[in-house]
Amino acid sequence: MKVSLNTIKQFTQVNLPVDELVKKINQQLGGVEDVIDLRKRYEGAVIAQVVKCEKHPNADKLSVCEIDDGSGQLTQVVCGAPNVREGLTVVWLKPGATVPATFNDPEPFVLEPKELRGVVSNGMLASAKELALGDDHSGIVELTDTDLLPGKTLSIGFSFAETFGLDDTIIDIENKMFTHRPDLFGQLGVAREIAGIGHTAFTSPDWYKNLPDFAIGEGLELHVENKASDVVPRFMAVAIKDVEVKPSPLWLQCALVAMGSKPINNIVDVTNYIMLLTAQPTHAYDYDKLRGHFLGTRMAQAGEELPLLNGKTYKLDESDIIIVDGEGPVGLAGIMGGGNSEVSSDTKNIVLEVANFDMYAVRKSSMRHGLFTDALTRFNKGQSPLQNPNVINLLMMSIHDVAGGAQASKMFDETASQHAAQQVTASDEFINARLGLALQSQEINSLLQNVEFTISPADGERTFTAPFWRTDIVDPEDIVEEVGRLYGFDKLPRELPKRSTKPAPKNASQVRKQRIRETLAKAGANEVLTYSFVHENTMKKVGQDVEHAFKLSNALSPDLQYYRTSLMSSLLDKVPMNFRAGHDAFALYEIGKTHFKGEMDEAEPDVPNEDTHVALVLTSGNKNATGSAYYQARKYLEQLTSLDDIHLQPLSEFDVSTDEWGAQLTSAYAPQRSAVLVKDGQIWGVIGEFSEAVKAAFKLPQATAGFEVHINVLNARSNTYKPLSRFPSIWQDISLKIAQNVAYKDLFETTKKAALAAADGAEVDIAPVSIYQAENDTESKTISFRITLTHHERTLTEAHAAAVMDSIAVSANNELSAGVV
Amino acid sequence: MSSSDDIARVRETLLSRYEGLETKADILKSPELKELLAGIRNVEPSQRSAYGQAVNALQQELKEKVLSNMHEKSALPPIDVTAPFDINGEMPSLLPSENGTTHPLTQEIATLSDIFYRMGYVVEESREIDDQYHMFEALNFPKGHPARDDYDTFMTVEKDADGEPFVAPAHTSTMQNRILKKYRENLEKGEAIAAIVPDRVFRNEDLDARHEHTFYQVEGVYVAKGVHAGMLIATLQQFLQEYYGKELDVRVNPFYFPFTEPSFEFALSCPFCGGKDDSCKVCSGEGWVELLGCGMIHPNVLKAADIDPNEYTGFAFGCGIDRLVMMKYQIEDVRHFESAKLDFLRQFE
């Protein structure tokens with residue numbers, strides 16, 4: 001929102017220097033994005049008169065002028081404009097001045113005395129384009145008294161900027177701040193707030209505050225009907241005859257440019273100017289282009305088409321509010337007028353419209369058509385329908401001032417319902433309690449009355465009536481905000497809440513995750529965070545089915561189209577890059593959420609289920625240093641959880657056809673070299689090496705493995721203490737030769753059971769020592785365990801150990817045909 | 001003979017020959033296949049495209065067979081997944097402990113969670129996919145409200161029970177309604193609702209050095225009897241002073257959020273230069289760092305959680321975590337966080 005300080009000053013006194021005003025606006029109104037001093041842009045632009053004008057001796061199209069700049073001496077300027085002539089009052093850009101249109105260029109054009117075809121030109125006479133007032137470059141600007149605001153005079157030698165109000169400061173305030181403040185999209189509203197935060201009373205001008213009496217004009221037939229009254233609370237229109245369409249007086253053009261708008265013609269300029277002033281969008285139609293002398297509203301029909309002022313044609317549907325004439329659409333309500341009813345230089349009669357549209361309906365249309373305009377920005381904040389009569393009255397008067405004409409119909413006012421100003425009840429206690437203040441009734445009232453609230457009675461529980469333009473005052477909290485802001489939030493007492501000494505409980509999930517992080521970091525792994533969304537191809541590369549993934553409808557790129565169903569694909573994606581960067585052995589891990597389409601949250605069935613996984617991928621490059629990568633991944637997994645009650649079932653024995661979730665989780669892994677984690681008959685994760693296809697697709701080094709596990713299955717290792725024995729432990733190794741296809745775990749369990757059976761009260765600890773296979777015998781393997789025995793009541797003997805070893809040998813032989821080596 | 005029969009016949013021949021081949025890749029060199037490929041250009045133009053596609057599909061099928069056979073052959077032999085290490089292998093070792101790191105963002109989440117925990121706040125987690133009720137409606141953004149436009153929100157193709165797309169939450173405030181309900185009973189016991197939610201959020205924004213579509217935010221909620229806006233400012237000031245380990249000034253400017261009233265933009269005096277250094281990379285010498293949005297919880301938000309706004313009041317705030325970390329270490333590019341580059345990660349022990 002560009003705020004013109006000169007315009008503000010028409011409504012209220014501003015005594016602060018600009019920098020202090022900006023600071024105050026920042027603190028009490030909204031964030032200032034930019035402050036532009038227009039004076040600098042027009043430095044060196046002076047009002048001058050052409051005293052003498054002769055043809056250039058060496059150039060057909062140039063004239064040599066002597067101009068009076070008020071200094072008492074004439075100055076020679078060469079001018080190429082066809083309209084330059086003696087007696088003209090012009091804008092002279094003197095040597096040293098920057099051409100205003102180039103002011104913001106990387107290399108602004110600074111004028112200096114310069115010879116043009118042998119004749120020296122001191123500066124230049126400016127066109128509208130050079131003055132950054134429009135695109136017109138066909139001739140120089142001709143100044144007349146009609147270009148001035150009342151009270152100003154054209155004085156030769158005087159500053160152009162000061163004469164035309166361009167000695168202005170533009171304060172650009174973030175629009176976002178005003179999302180709930182329809183009134184602050186007009187200069188008048190901002191002026192009121194500037195008075196309010198300065199603790200000064202503001203009075204709106206009569207034309208805005210007092211309901212006008214409308215004359216009953218005649219001369220043009222006009223019919224008006226509001227058929228979309230559900231979403232058009234108010235629709236006012238009036239016909240004006242015999243206007244003269246021409247460029248606006250220069251002061252108006254300058255005012256529009258200062259506020260970031262663009263002059264078009266006097267009719268359109270006035271409608272825009274009044275919108276910038278009041279925040280109420282207005283529109284003018286060419287009366288003679290409205291078929292059937294009709295103007296109205298209705299909902300569009302599906303398939304209807306509407307060419308708009310921007311030259312594009314839009315396909316409408318039933319949710320668009322449209323403005324229609326007797327035969328069809330002539331405007332997209334609240335957004336843009338139609339090209340077919342546009343005011344042009346031939347226009348003689350016009351219809352003025354000042355309407356109110358439902359903010360949600362126009363926003364929806366604008367979003368669907370991708371069409372954002374100044375009018376929409378204002379309508380979608382919820383303008384007050386109570387300002388329409390005042391605004392259309394001002395519009396009529398202003399049109400008369402700049403384009404002549406006379407009212408030629410009655411004032412149509414299609415009001416759907418009674419509108420009333422908002423009222424809220426609150427007390428001093430309510431307000432003070434929420435601000436931590438102790439303001440007196442009188443102080444509160446005064447802050448609000450400054451911005452034209454009415455309050456009754458004067459104290460106690462009372463009714464605050466918002467001025468009609470404030471549609472945002474709904475709850476008593478809105479009054480709290482107003483009081484706090486106008487008083488100054490910087491003056492609120494800063495005190496901490498009183499709290500009980502009860503400890504806040506820790507979040508178990510956060511504790512668990514933090515423990516995983518610390519454990520894996522201690523084990524030399526690096527935590528990564530990767531995107532929650534993946535490319536369809538990434539899923540396909542690990543063999544996943546995208547049908548199981550939630551899909552974004554407005555993804556930034558295909559790279560981020562699907563919610564991932566597992567973390568591993570993201571991690572695999574990051575391996576080659578790090579490998580290439582010179583890291584030859586590393587482990588990456590991530591704790592993150594996964595989603596599986598169709599699975600809803602158990603506790604909250606309206607939203608999808610979210611599983612938290614920990615995934616780790618490790619690589620030691622292309623060489624298997626100490627054995628298969630699987631076992632290293634397993635070592636990492638064992639840092640996180642004991643595998644005592646988790647069964648590692650070979651992936652090759654796991655039936656994926658009946659478990660879609662399991663299939664999705666395990667698709668990347670090589671079945672013969674991976675396992676699923678099973679607990680209580682349910683799969684909780686997967687660990688293993690990746691299939692050759694996956695390794696090729698991601699360009700993974702050979703010795704790469706990983707795991708992905710639901711974090712709920714990880715049994716936090718907690719400290720448990722076993723009393724120390726006073727007696728020494730004894731240990732002995734046993735090597736058992738078994739068939740190659742016997743699982744290590746089976747032998748281990750058999751060994752453990754047999755050892756315990758013969759332990760005779762001793763504690764047994766069994767640790768693997770080696771797994772050996774002779775090169776020439778791949779049918780069998782020899783597994784060696786170290787059996788350690790500890791007794792709490794006596795010293796163990798060799799005989800005791802021998803009994804345990806015998807028991808192991810017998811059981812292993814009976815159950816698994818193992819032989820002691 | 002029609003062309004599609006032609007292709008089918010060749011396919012039969014080649015598939016049966018494939019089984020017998022020693023070098024499977026030779027199937028791609030078969031003269032029959034070459035003949036089919038060469039024949040495409042002789043087919044009538046009206047049928048050429050369909051015919052060409054069919055021939056290419058056959059070629060593709062054969063290629064995939066060869067490739068998967070190659071993968072099968074290069075596949076390593078089965079291993080005993082129940083064993084602790086490999087046959088003739090050693091007990092695998094872990095990587096050197098000094099190489100291990102946690103992520104700078106999760107480190108920071110732990111740090112700030114700890115400060116709030118000491119201040120009496122519980123820590124809650126957010127969601128990565130949610131419904132629009134929690135993201136918007138429960139927070140006083142009615143359907144179609146223009147304030148929704150300020151949150152460039154990712155939406156899913158899939159719809160919720162109301163027929164609205166699910167969303168990737170653009171703020172961790174998506175948990176606010178749940179937290180208010182979960183801890184509502186605190187209020188009856190005369191205790192406060194005090195919670196923070198540090199977690200991942202998403203905005204539909206193009207990536208550059210300063211913008212990420214995926215980032216982290218900490219939401220804070222505090223509700224009790226007699227809570228006022230000055231307490232919000234004091235609480236955030238205390239938190240930031242503890243976080244930076246020094247005295248800091250703070251400032252609030254009015255702002256607009258639908259879920260707070262009044263709403264503020266909150267800034268702190270530059271913790272790095274105190275406004276004394278014109279070349280300061282964090283505050284550019286302005287002396288203030290705009291850090292977060294906050295405000296008094298809107299009565300409609302309390303009501304949506306069955307809390308009486310006349311009896312209880314509260315505040316909420318939301319602060320970007322990535323920005324805190326970037327300022328702390330002067331990280332120049334936000335994209336490093338999700339890059340998984342070890343050269344980046346290993347600088348944060």
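Predicted, not measured: the structure shown is a model, and the values here were computed from it. (Residues numbered from 1 in each chain as written. Chains lettered and ligands numbered in written order. Predicted model: local features only at pLDDT ≥ 70, side-chain atom pairs only at ≥ 80, totals over all residues.)

(A) Structural detail: the overall build of chain B. A count of helices and strands for chain B gives 11 helices and nine strands. For a compact globule of 349 residues, the expected C-alpha radius of gyration is about 20 Å, and chain B comes in at 31 Å, more than 25% above that figure. Structurally, chain B occupies a C-alpha span of about 90 × 55 × 50 Å along its principal axes. A buried classification covers 43% of the 349 residues belonging to chain B. (Helix = DSSP H or I, 4+ residues; strand = E, 2+ residues; numbered from the N terminus. Rg over C-alpha atoms; globule rule 2.2 N^0.38 Å. Buried ≥ 20, exposed ≤ 12 C-beta atoms within 10 Å, placed from the backbone.)

(B) Local environment of the overall build of chain A. In terms of regular secondary structure, chain A is built from 22 helices and 38 strands. Here the C-alpha radius of gyration of chain A, 42 Å, is well above what a compact globule of 821 residues would show, namely 28 Å. Taken along the three principal axes of its C-alpha coordinates, chain A extends 130 × 80 × 55 Å. For chain A, buried positions account for 45% of its 821 residues. Counting contacts in chain A only where the partners sit at least 6 residues apart, residues at least 24 apart contribute 71% of the total. (Contact = placed C-beta atoms within 7 Å.)

(C) Main features of the interface of chain A and chain B. On the chain B side, the residues contacting the 104 residues of chain A number 99 residues. A per-element tally of the side of chain A that touches chain B places helix H15 (residues 508-522) of chain A first, with seven residues. Residue classes in the side of chain A that touches chain B are distributed as 45 nonpolar, 31 polar and 28 charged. (Nonpolar A, V, L, I, M, F, W, Y, C, P; charged D, E, K, R; others polar.)

(D) View of the sheet that holds strand E33 (residues 682-690) of chain A. All names here are of chain A. Ordered in space as E26-E29-E30-E34-E33-E32-E31, the seven strands form an open sheet in which the pairing is mixed. Across the chains shown, the open sheet's two edge strands, defined by having one partner strand only, are strand E26 (526-527) and strand E31 (647-650). Here H15 sits on the sheet and contacts E26, strand E29 (586-594) and strand E30 (611-619); the angle it forms with E29, its principal contact strand, is near 170°. Contacts between helix H17 (residues 568-580) and the sheet are confined to E29, E30 and strand E34 (704-710), with E30 contributing the most and set at about 25° to the helix. (Pairing = 2+ DSSP bridges. Axes fitted to C-alpha atoms, helices over the stretch in contact; angles between N-to-C directions.)

(E) Representation of the domain arrangement of chain B within the structure. According to the domain assignment, chain B contains domain 1 (3-74) and domain 2 (106-345). Taken over C-alpha atoms, the centre of domain 1 of chain B sits 59 Å from the centre of domain 2 of chain B. (Domains from an automatic or database assignment.)

(F) Just the domain arrangement of chain A, in detail. Parsing chain A into structural domains produces domain 1 (2-39 + 168-197), domain 2 (43-163), domain 3 (223-415), domain 4 (423-485), domain 5 (508-713) and domain 6 (730-820). Between the C-alpha centres of domain 3 of chain A and domain 4 of chain A the distance comes to 36 Å.

(G) Expanded view of the pairing of strand E25 (residues 462-465) of chain A. Residues and elements named next belong to chain A. Note: strand E23 (residues 423-426) against E25, four bridges, orientation antiparallel. Along E25, the bridge assignment pairs Gln-423 with Thr-465. In terms of strand pairing, strand E24 (residues 454-456) meets E25 through three bridges, oriented antiparallel. For Thr-454, the partnering residue across the bridge sits in E25 and is Thr-465. The antiparallel hairpin formed by E24 and E25 contains five residues in its connecting segment, where Gly-460 sits at a positive phi of about 70°.

(H) Expanded view of the sheet that holds strand E17 (residues 321-324) of chain A. What the five strands build is an open sheet, ordered E11-E14-E17-E18-E19 (chain A); its pairing is mixed. Either end of the sheet is taken by a strand with one partner, and the two such strands are strand E11 (223-226) and strand E19 (336-337) of chain A.

(I) Region of the structure containing the confidence of the model for chain B. Residues and elements named next belong to chain B. In this model, chain B carries a mean pLDDT of 91, and residues with pLDDT of at least 70 account for 99%. Averaged pLDDT values over the elements of chain B bottom out at 82 in helix H3 (residues 45-74) and peak at 98 in helix H6 (residues 176-182). Our summary of model confidence lists the complex with pTM equal to 0.87 and ipTM equal to 0.87. (pLDDT = per-residue confidence, 0-100.)

(J) Focus on the environment of Glu-98 of chain B. Residue and element names in this part refer to chain B. By secondary structure assignment, the location of Glu-98 is in the loop between H3 and helix H4 (104-118). Using a count of 9 C-beta atoms within 10 Å as the deciding quantity, one classes Glu-98 as exposed. In sequence terms Glu-98 and Glu-349 are 251 residues apart; their C-alpha atoms lie 8.4 Å from each other.

(K) Quick peek at the packing of helix H21 (residues 744-758) of chain A against helix H22 (residues 798-816) of chain A. Residues and elements named next belong to chain A. Following both chains from N to C, one finds H21 and H22 inclined at 140°, their axes separated by 8 Å at the closest point. Compared by their axis directions, H21 and H22 come out oblique. Pair H21 / H22 crosses with right-handed handedness. Of H22, the residues touching H21 (which contributes Asp-746, Leu-747, Thr-750, Thr-751, Lys-753, Ala-754, Ala-755, Ala-757 and Ala-758) are Ala-803, Val-804, Ser-807, Ile-808, Ser-811, Ala-812, Glu-815 and Leu-816. (Parallel < 35°, antiparallel > 145°, perpendicular 65-115°, else oblique. Left-handed = near helix turned anticlockwise from the far one by under 90°.)

(L) Highlighting the nonpolar core. Judged by nonpolar contacts, the single largest core of 288 residues is most densely connected at Leu-125, Leu-352 and Leu-616 of chain A together with Val-223 of chain B. When residues no more than four places from it in sequence are discounted, the contact partners of Leu-125 of chain A are Val-77, Cys-79, Ala-81, Val-84, Val-90, Val-91, Trp-92 and Ile-140 of chain A. Formed by 18 residues, the second largest nonpolar core is a distinct cluster that contains Ile-734, Ile-738, Val-742 and Val-804 of chain A. (Core = buried A, V, L, I, M, F, W, Y, C linked by C-beta atoms within 7 Å.)

(M) The arrangement of the confidence of the model for chain A in detail. On average, residues of chain A score 94 in pLDDT, and 99% of them reach the 70 mark or higher. Of all helices and strands in chain A, the one with the weakest mean pLDDT is strand E7 (residues 114-116) of chain A (91), whereas E26 of chain A scores best (98).

(N) Focus on H21 of chain A. Residues and elements named next belong to chain A. Taking 1.5 Å of rise per residue, the 15 residues of H21 would be expected to cover 21 Å, and the 21 Å separating its terminal C-alpha atoms lies within 8% of that figure. Taken together, the buried positions of H21 are occupied by Leu-747, Thr-750, Thr-751, Ala-754, Ala-755 and Ala-758. Taken around the axis of H21, the buried residues stretch over an arc of 125°, which confines them to a single face. Tucked into the core, H21 has its buried residues touching strand E35 (730-739), strand E36 (763-772), strand E37 (780-790) and H22. Taken from the residues just after H21, Asp-760 is the one with a positive phi, measuring 55°. (Expected span 1.5 Å × (residues − 1). Arc of directions from axis to C-beta.)

(O) Inspection of the environment of Gln-28 of chain A at higher detail. Mapped onto the elements of the fold, Gln-28 of chain A is located in helix H2 (residues 18-28). Sequence separation between Gln-28 of chain A and Ile-197 of chain A is 169 residues, and the spatial gap between their C-alpha atoms is 6.5 Å. In contact with Gln-28 of chain A, not counting residues within four places along its chain, are Ile-197, Arg-485 and Gly-488 of chain A together with Pro-254 of chain B.

(P) Spatial organisation of the packing of helix H8 (residues 266-278) of chain A against helix H11 (residues 388-403) of chain A. All names here are of chain A. Across the interface, H8 lies against H11 with an axial gap of 10 Å and an inter-helix angle of 140°. Compared by their axis directions, H8 and H11 come out oblique. Our pair here, H8 against H11, has a crossing hand that is right-handed. Here Asn-266, Ile-267, Val-270, Thr-271, Ile-274 and Thr-278 of H8 come into contact with H11, specifically with Val-391, Leu-394, Leu-395, Ser-398, Ile-399, Val-402 and Ala-403.

(Q) Here's a closer look at unusual backbone geometry. Residue Pro-457 of chain A is reached from Ser-456 of chain A by a cis peptide bond, and omega for that bond is -10°. The topology assignment puts Pro-457 of chain A in the loop between E24 and E25. The peptide bond linking Glu-261 of chain B to Pro-262 of chain B adopts the cis configuration, its omega dihedral lying at -5°. With respect to the secondary-structure elements, Pro-262 of chain B resides in strand E7 (residues 260-269). In this structure, Asp-680 of chain A is a non-glycine residue whose phi angle is positive, near 50°. By the secondary structure assignment, Asp-680 of chain A is in the loop between strand E32 (669-679) and E33. With 9 C-beta atoms packed within 10 Å, Asp-680 of chain A lands in the exposed category. The residue Asp-306 of chain B is not glycine, and still its phi comes out positive at about 60°.

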